[in-house]
Amino acid sequence: MATVNDLVLVHIDNKPAFYARIEDISPDVKPGWWKVQLLVLTVPLQVYTWILDESQVNGAPFTMAGTPILLEKVVSPEPPPKPLASVGKEGNGASKEAPRKGGNVVSLFDRKK
């Protein structure tokens, strides 16, 4: 199911047309329908508000003025990042599994000098 902040690929006339981010989903006055605000990722950026039912938000095809439309949720091909080590009772952030070797912190501001 697509929710707020999800990326979707919008297909128009059975062809990929543009990417958009779902900015907001709020109930419409008509029961079972939703106002879906899309930030269309084009130049210049545009904001569309479409009134859709839940199945259409979830990827069911629909038409606008006779033109077939479909919202397809975009899933990143990269695996999700590994969670950071949690801070232990000692408060030093070290994990008991393996000691971490420290690295050098390089300031970008010092490099400009």
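Placed above this text is the structure.
**Student:** What am I meant to see in the overall build of the protein chain here?
**Tutor:** Within the protein chain, the regular secondary structure consists of two helices and six strands. From first element to last, N terminus to C terminus, the protein chain shows the α and β order β-β-β-β-α-β-β-α. Sequence-distant contacts, at least 24 apart, represent 26% of the contacts inside the protein chain between residues at least 6 apart. When the accessible surface of the protein chain is split by element, carbon and sulfur atoms take 57% of a total near 9,100 Å².

**Student:** I would appreciate a short explanation of the nonpolar core in the present structure.
**Tutor:** Generally speaking, nonpolar side chains in soluble globular proteins are found buried as a group. Counting residues in each nonpolar core, the largest one holds 15 residues, and the members touching the most others are V8, V10, L38, W50 and L52. Those elements giving two or more residues to this core turn out to be strand 1 (7-12), strand 2 (15-27), strand 3 (33-40), strand 4 (46-53) and strand 6 (67-73).

**Student:** Help me understand the pattern of salt bridges, please; the structure alone is not making it clear to me.
**Tutor:** Oppositely charged side chains may form a pair once their charged atoms are brought near each other. For the coordinates displayed, the defined rule picks out two salt bridges. The shortest N-O distance in the salt bridge between D6 and K73 comes to 3.5 Å. In this pair, D6 sits in the segment before strand 1 while K73 sits in strand 6, placing the two residues 67 residues apart along the sequence. Here D6 falls in the buried class, since its relative accessible area comes to 16%.

**Student:** Mind showing me how you'd approach the pairing of strand 3 here?
**Tutor:** Each regular strand carries side chains that alternate between the two faces of the sheet. Relative to strand 3, strand 2 runs antiparallel, the two sharing seven bridges. The residue of strand 3 that forms the bridge with I22 is L38. Between strand 2 and strand 3, which pair antiparallel one after the other, the connecting turn spans five residues, and G32 there sits at a positive phi close to 85°. Alignment of strand 3 against strand 4, held across eight bridges, turns out to be antiparallel.

**Student:** I keep staring at the sheet that holds strand 1 and nothing clicks. Help me out?
**Tutor:** Pairing in this open sheet of six strands is antiparallel, and the strands run 4-3-2-1-6-5 from one edge to the other. Each of the sheet's edge strands pairs with one partner strand only, and the pair in question is strand 4 and strand 5 (62-64). Going from strand to strand, the sheet's axes swing by 40° on average, the running direction of each strand aside. Pairing between strand 1 and strand 6: five bridges, direction antiparallel. Bridge pairing in strand 6 places V10 opposite L71.

**Student:** Any chance you could explain a nonpolar patch on the surface here in plain terms?
**Tutor:** A surface patch of nonpolar side chains, amounting to about 440 Å² of accessible area, comprises L7, Y19, L41, L45 and V74. Structurally, L45 can be placed in the loop between strand 3 and strand 4. For L45, a relative accessible area of 56% translates into the label exposed.

**Student:** Would you mind going over unusual backbone geometry with me for this structure?
**Tutor:** The residue after V43, namely P44, is reached through a cis peptide bond having omega -5°. With a phi close to 65°, N14 is a non-glycine residue in the positive phi region. Position of N14 relative to the elements: it lies in the loop between strand 1 and strand 2. Residue class for N14 comes out exposed when judged on its relative accessible area of 65%. A positive phi is found at A65, a non-glycine position, where the angle reads about 55°. Mapping A65 onto the fold places it in the loop between strand 5 and strand 6.

Conventions used here
- Residues numbered from 1 in each chain as written.
- Predicted model: local features only at pLDDT ≥ 70, side-chain atom pairs only at ≥ 80, totals over all residues.
- Heavy atoms only, no water.
- Helix = DSSP H or I, 4+ residues; strand = E, 2+ residues; numbered from the N terminus.
- Contact = heavy atoms within 4.5 Å.
- Areas by Shrake-Rupley, 256 points an atom, 1.4 Å probe, with all protein chains shown as cover.
- Core = buried A, V, L, I, M, F, W, Y, C linked by side-chain atoms within 4.5 Å.
- Buried < 20%, exposed > 50% of the residue type's maximum accessible area, 1.4 Å probe, protein only.
- Salt bridge = Lys/Arg side-chain N within 4 Å of Asp/Glu carboxyl O.
- Pairing = 2+ DSSP bridges.
- Axes fitted to C-alpha atoms, helices over the stretch in contact; angles between N-to-C directions.
- Patch = residues over 30% accessible without salt bridge, like charges linked within 9 Å, V, L, I, M, F, W, Y side chains within 5 Å.

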